[in-house]
Every structure is written in structure tokens, then in C-alpha cells.
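Structure at a glance
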Amino acid sequence: MAVAAAIGLLTAGCSTGGTGTRDEGAARTDQGTPSSAPAPSSSASSPLKKVNAVRLIMNDPKVSDRVKDDLKPCVADAYPVDTSYGTLTDSGTPDVVVNVLTCGDAVGVGTYVYRLGGAKDDAKGTAYENVFSLEEPAVYSTIDRGDLVVTKQVYAEDDPVSYPSGEDVITYRWTGNKFTEHDRVHNEYSKTVGDGGIDGPGEQPAPSKN
């Protein structure tokens, strides 16, 4: 009986040791993963160079006087300007997308793309150049995986500003030295939900009379 107990004890020890060996192997693999991925440190070593978007707009001869005259702070020194940074052209540095909005309802009135590599600036060397601009009501641009995506709201004759009839989503790609249209999608909005301005369900008096 003592021999049987010893054999049993020895068998349990081997089983535990086998499982422990497998667990230790997985732990070594996991521990090696972070040390072989230096991506975070490399990205942190190249900080993003931000621009003064308002200054770009005001000093840009391609921006209309109407947009410049309307571009004023909404509160204190907060301007209605959205700025995005990303790769759109082959300049080797992040390009800048600037959207100018209205203060009241945040409707886009102009969208612009600036690329580093234009004429020399007396103060800061190479300046940004305007390589894309579009000025019309309800327009907005974003950067999507290297493409410039421009969204334009479409209004019917009687549409209020807050309820357009649809939108055009246009994708541009940098080709040579300019943006060319790559894709276009048109979306029609439903006016049967919310306060879409449709005459009908919201103005039927029958239910209130019953």
C-alpha cells in the first residue's frame, strides 16, 4: 500500500510538471511579443506639426472674400473651423483639410486642402499651398484611408437648411498634381421620420377630433 501511494504521488507530480511546462511556454511567447513591436515609440518620436487654420484661410488668395468676411469667432477667440491632418498627396508630410462652418447651425460653407511644398514663406520657409477648394452651402470634407471624401447636401426648392433632400458623397484621389474624382454616391433622405417638413402625417386633424 505504501508502494502504491508512492507510485500515485509520482504520477501526479509528472502530470503537474507537464502542464506547467506547457503554461510556461505560452508565457514566454506572450512576454516576447511587446518587446518585438517598437511601433508606439517610433510614432511618438514624430509629433504632428499643427497649423493655424484661420491664418491659412485668411492669407489664401483662393478663398473668396465672402468666406473671409464671414469667418469670425463664435465665442471669444473660438472660430468655426474644423481641421484634419492626414496623407492625401505625395508631399511626404501630413496634408491639411480645413472646413469653414457657420456659427449658428454649423453648416459648412467652404472646404479646402493644403499641401506643404508651395512658395517660400518669408517667416517659416516652405509654405502650404491650396490644392483643392469648394465653396457652397452645406459642404464638408474628410480624409478616409488616403482619399478625400467630400459630402454636399442637396436641397430641393422648399427644403429648410436643417432638412436637405439628400446628399452627394464624392471621393477624390490625388493623381499627378491634382485631385480627380474617383467615385460618387447620391443618397436620398427620408422625410417620413422626425420633423422632416412633410405635409401629411403631422398635419392630419382626424385623430384629434375622434
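As the structure is a prediction and not an experimental result, all values here were calculated from the model.

1. Section: the packing of aromatic side chains
- Under the counting rule described, the total for this entry stands at three aromatic pairs.
- Ring geometry for Phe-132 and Phe-179: centres 5.9 Å apart, planes at 80°, overall edge-to-face. Separated by 47 residues along the polypeptide, Phe-132 in strand S4 (residues 125-134) and Phe-179 in strand S8 (residues 178-188) bring together distant segments of the chain.
- Overall, Phe-179 belongs to the buried group, its relative accessible area being 11%.
- Ring pairs connect the aromatic residues Phe-132, Tyr-172, Trp-174 and Phe-179, which therefore count as one cluster.

2. Focus on the pairing of strand S6 (residues 147-154)
- Two elements, strand S5 (residues 139-144) and S6, share six bridges in a ladder whose sense is antiparallel. Considered in S6, the bridge of Ile-143 is made with Leu-148.
- Counting the residues between successive antiparallel strands, the hairpin from S5 to S6 contains two residues, one of them, Arg-145, with a positive phi of roughly 50°.

3. Re the environment of Gly-108
- Along the chain, Gly-108 turns up in strand S3 (residues 108-121).
- Taking relative accessible area as the criterion, Gly-108 reaches 6% and is therefore assigned buried.
- Spatially, the C-alpha atom of Gly-108 lies 9.3 Å from that of Pro-80, the residues being 28 residues apart in sequence.
- Here Gly-108 is in contact with Val-100, Leu-101, Glu-136, Pro-137, Ala-138 and Val-139, once residues within four sequence places are set aside.

4. Quick look at the side chain of Asp-60
- Positionally, Asp-60 belongs in the loop between helix H3 (53-58) and helix H4 (65-70).
- Buried and unpaired, Asp-60 has no salt bridge, with Lys-68 as the nearest side chain of opposite charge at 6.4 Å.
- Here the side chain of Asp-60 touches Tyr-114 through a polar contact of 2.7 Å, side chain to side chain.

5. What about the environment of Thr-93?
- With respect to the helices and strands, Thr-93 occurs in the loop between strand S1 (81-86) and strand S2 (95-101).
- On the basis of relative accessible area, Thr-93 is assigned to the partly exposed category, the value being 31%.
- Sequence separation between Thr-93 and Gly-117 is 24 residues, and the spatial gap between their C-alpha atoms is 9.4 Å.

6. With respect to the state of the cysteines
- Under the criterion given, the structure shown has one disulfide.
- Here Cys-74 pairs with Cys-103 through a disulfide, and the sulfurs are 1.8 Å apart. The sign of the S-S torsion, about -90°, decides the handedness of the disulfide formed by Cys-74 and Cys-103: left-handed. Of the two residues, Cys-74 sits in the loop between H4 and S1 while Cys-103 sits in the loop between S2 and S3, which places them 29 residues apart along the sequence.

7. Quick look at unusual backbone geometry
- At Ala-138, a residue that is not glycine, the phi angle is positive and equals roughly 60°.
- Residue position: Ala-138 is located in the loop between S4 and S5.
- In this structure, Arg-145 is a non-glycine residue whose phi angle is positive, near 50°.
- Tracing the backbone through its elements, the reader meets Arg-145 in the loop between S5 and S6.

Analysis parameters
- Residues numbered from 1 in each chain as written.
- Predicted model: local features only at pLDDT ≥ 70, side-chain atom pairs only at ≥ 80, totals over all residues.
- Heavy atoms only, no water.
- Phe/Tyr/Trp six-rings, centres within 6.5 Å; stacked < 30°, edge-to-face > 60°.
- Helix = DSSP H or I, 4+ residues; strand = E, 2+ residues; numbered from the N terminus.
- Buried < 20%, exposed > 50% of the residue type's maximum accessible area, 1.4 Å probe, protein only.
- Pairing = 2+ DSSP bridges.
- Contact = heavy atoms within 4.5 Å.
- Lys, Arg positive; Asp, Glu negative; His and termini not counted.
- Salt bridge = Lys/Arg side-chain N within 4 Å of Asp/Glu carboxyl O.
- Polar contact = N/O pair within 3.5 Å; in protein donor to acceptor, adjacent residues only side chain to side chain.
- Disulfide = S-S within 2.5 Å.

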